[in-house]
Amino acid sequence: MSSAAKNILYLVFVQGIIYLSPLLTLPYLTRKLEIEQFAALSFAQVFVQYFVLVTDYGFGITATRLIALAPGSVKNISEIVSNTLAVKLLLACLMAVVCVVLVWLIPALHTSIWLIAATFTGVYGNALFPTWLFQGIERMRDLALITGLSRLLVLPPIFFFIHTPDDVVLAGALLNAPGLLAALMSFIVLRQQKVFEWVPVSWIRMRDMLREGWHVFISNIFISLYTVVNLTLLKFLGTPEQVAFFAASDKIRFAIQGFIQPIASALFPRFAAMGRNYQSEEFVKLNRLGWIALVGTQIVGALVVFFGADLIAKYYFGTAFEGISIYLKAFAVLPVVIAVATVFAQWRLLALGEGAALSRVYMVAGPVHIVYAIIATSYWGWGGLLASVYLTEIMITLVMYFILRKKRIHIF
């Protein structure tokens, strides 16, 4: 088996564990927490994702690329790792201050202070866990083991301690604990393997890394305007039941979509290194493998969820969530569209240094989505919101396709 195929399998395993553990706890939580508490927990997790986006800053792409292209010496890798972690920790501390201010200013958040504080631990976990380092040096096996162990360790406490709706704050803390556990284990493993050493950080180098990731960061922020922000709109324009059903269905959609990022991340360094060498045998094989693996998995997942929605609603979510089947069917096809967009964005535009063009697409799409999503949600509730999401994703994919054609970038 080629190293690329092995990397895909390891990252699929990582993503599988990341999404399997919530899927194991989801039916338990929908039964132990009432709809109102489940809706509050779902919103708190989404609210914290805004801060995760800032602390990530696109280093999952740019730091991975820097490490993959850097000479393989400990000194070069150590400089990238130390400065990247310093920037991410600084951003996490700034986001903690912003979070406190927002909770203080917005009355609707006052009742969720402790729940938001509990879920905020996920921000520091994201800042400290160097997934980008493992991907850059292609140590996917270690990444898979660490991620899997950190996720599995929190499962027993969830089942043992969460019994009533009053335990919702503890549930928020436990659901966000794996990132910190994974960070601790990763530093132990990387230190033993002597992959890098701690070196003094440089403000100039940190500034350069922020500039390097700026286009990806802007893209991620504007992407959040039509992804992360959706549940926030529903919280203020919909009902707790709609929030709970929409959030639970979105977790199933994310579980299907979870195969996208490991495959995209595993092949990204290869596509970046090959550049525009479209005629090479390696590119042809890798491109064919990527399309089949990425889009194929999403088509299979979409069919399973669409035709199995009624059974999932009845036996997986429980009596209180039986009305969720229509949500599941409506969400089913969305991952297929996102898979195609991921190929265009990561393996083509970002891999070839066309991040600026991609950022402009998101800078227009995000704000426009907010406008018609607010209108559609106000009139048609969750159905109008989901229709807005489909419209935005399809338009973005088409625009990226025309950009690739204009720049004569090979697609298939």
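Residues numbered from 1 in each chain as written. Predicted model: local features only at pLDDT ≥ 70, side-chain atom pairs only at ≥ 80, totals over all residues. Heavy atoms only, no water.

> Before we go on, may I ask you to explain the overall build of the protein in this structure?
Regarding its fold elements, the protein presents 21 helices and zero strands. Projected onto its principal axes, the C-alpha coordinates of the protein cover approximately 55 × 45 × 40 Å. Within the protein, contacts between residues at least 6 apart in sequence are counted, and of these 83% link residues at least 24 apart. Per element, the accessible surface of the protein, about 18,400 Å² overall, is 69% carbon and sulfur. Seen as two clouds, the 29 positive and the 19 negative side-chain charges of the protein have centres 9 Å apart. (Helix = DSSP H or I, 4+ residues; strand = E, 2+ residues; numbered from the N terminus. Contact = heavy atoms within 4.5 Å. Areas by Shrake-Rupley, 256 points an atom, 1.4 Å probe, with all protein chains shown as cover. Lys, Arg positive; Asp, Glu negative; His and termini not counted. Charge placed at Lys NZ, Arg CZ, Asp CG, Glu CD.)

> Even after reading the chapter, I still don't get the packing of aromatic side chains, so can you show me in this structure?
Per the stated rule, a full pass over the model turns up 23 aromatic pairs. Consider the rings of Phe43 and Phe47, whose centres lie 6.0 Å apart with planes at 25°: the pair is stacked. Of this pair, Phe43 and Phe47 both sit in helix H2 (residues 35–56), four residues apart, which is roughly one turn of that helix. Grouping aromatic residues by their ring pairs yields a cluster made of Phe38, Phe245, Tyr316, Phe317, Phe321, Tyr327 and Trp382. For the cation-ring pair, Lys235 lies above Phe43, with the distance from its terminal atom to the ring centre recorded as 4.8 Å. Geometry around Phe254 places Arg253 over its ring, the cationic atom sitting 4.3 Å from the centre. (Phe/Tyr/Trp six-rings, centres within 6.5 Å; stacked < 30°, edge-to-face > 60°. Lys NZ or Arg CZ within 6 Å of the ring centre and 35° of its normal.)

> Would you mind showing me how to read the nonpolar core here?
Across soluble globular proteins, you tend to see nonpolar side chains buried next to one another. Residues Leu133, Phe246, Phe317, Phe321, Ile324 and Met400 are the most contacted members of the largest nonpolar core, which totals 129 residues. With near-sequence residues (within four places) excluded, Phe317 lies in contact with Leu26, Thr30, Arg31, Ala248, Ile252, Ile312, Ile324 and Leu328. (Core = buried A, V, L, I, M, F, W, Y, C linked by side-chain atoms within 4.5 Å. Buried < 20%, exposed > 50% of the residue type's maximum accessible area, 1.4 Å probe, protein only.)

> Would you mind going over the state of the cysteines with me for this structure?
In a disulfide, the sulfur atoms of two cysteines are covalently bonded to one another. Applying the stated criterion across every chain, the model contains zero disulfides. In this model Cys93 remains outside any disulfide bridge; the closest cysteine sulfur is found in Cys99, 13 Å from its own. With a relative accessible area of 42%, Cys93 lands in the partly exposed category. On the accessibility criterion, Cys99 (7% relative accessible area) is buried. (Disulfide = S-S within 2.5 Å.)

> I keep staring at the packing of helix H14 (residues 229–237) against helix H21 (residues 355–406) and nothing clicks. Help me out?
The angle between the axes and the distance between the axes are what describe a pair of packed helices. Close contact between H14 and H21 brings their axes to 10 Å; oriented N to C, the two are set at 70°. Between H14 and H21, the crossing angle belongs to the class labelled roughly perpendicular. Read as a crossing pair, H14 and H21 show a hand that is right-handed. Residue-level inspection shows Val229, Asn230, Leu233, Leu234 and Leu237 of H14 in contact with H21, the latter providing His369, Ile370, Ala373, Ile374, Thr377, Ser378, Gly381, Trp382, Leu385 and Val389. Within the contact of H14 with H21, the residues separate by chemical class into 10 nonpolar, five polar and no charged. (Axes fitted to C-alpha atoms, helices over the stretch in contact; angles between N-to-C directions. Parallel < 35°, antiparallel > 145°, perpendicular 65-115°, else oblique. Left-handed = near helix turned anticlockwise from the far one by under 90°. Nonpolar A, V, L, I, M, F, W, Y, C, P; charged D, E, K, R; others polar.)

> Just checking my understanding: could you explain the pattern of salt bridges for this structure?
Two side chains bearing opposite charge may form a pair once their charged atoms approach each other closely. Within this structure, the stated rule accounts for five salt bridges. Among the ionic pairs, Lys329 bridges to Asp310, the shortest N-O distance being 3.9 Å. Here Asp310 lies in helix H18 (residues 309–317) and Lys329 lies in helix H19 (residues 325–331), a separation of 19 residues in the sequence. Judged by its relative accessible area of 29%, Lys329 falls in the partly exposed class. (Salt bridge = Lys/Arg side-chain N within 4 Å of Asp/Glu carboxyl O.)

> Explain the packing of helix H20 (residues 334–350) against H21 here, please?
Between H20 and H21, the shortest axis-to-axis distance is 9 Å and the interhelical angle comes to 25°. On the basis of their axis angle, the class for H20 and H21 is roughly parallel. You can see that H20 and H21 cross each other, and the crossing is left-handed. Note on element contacts: H21 touches H20 through Gly355, Leu358, Tyr362, Val389, Tyr390, Glu393, Ile394, Thr397, Met400, Tyr401, Ile403 and Leu404, opposite Leu334, Val337, Ile338, Val340, Ala341, Phe344, Ala345, Arg348, Leu349 and Leu350. Tallied by class, residues from the contact of H20 with H21 come to 18 nonpolar, two polar and two charged.

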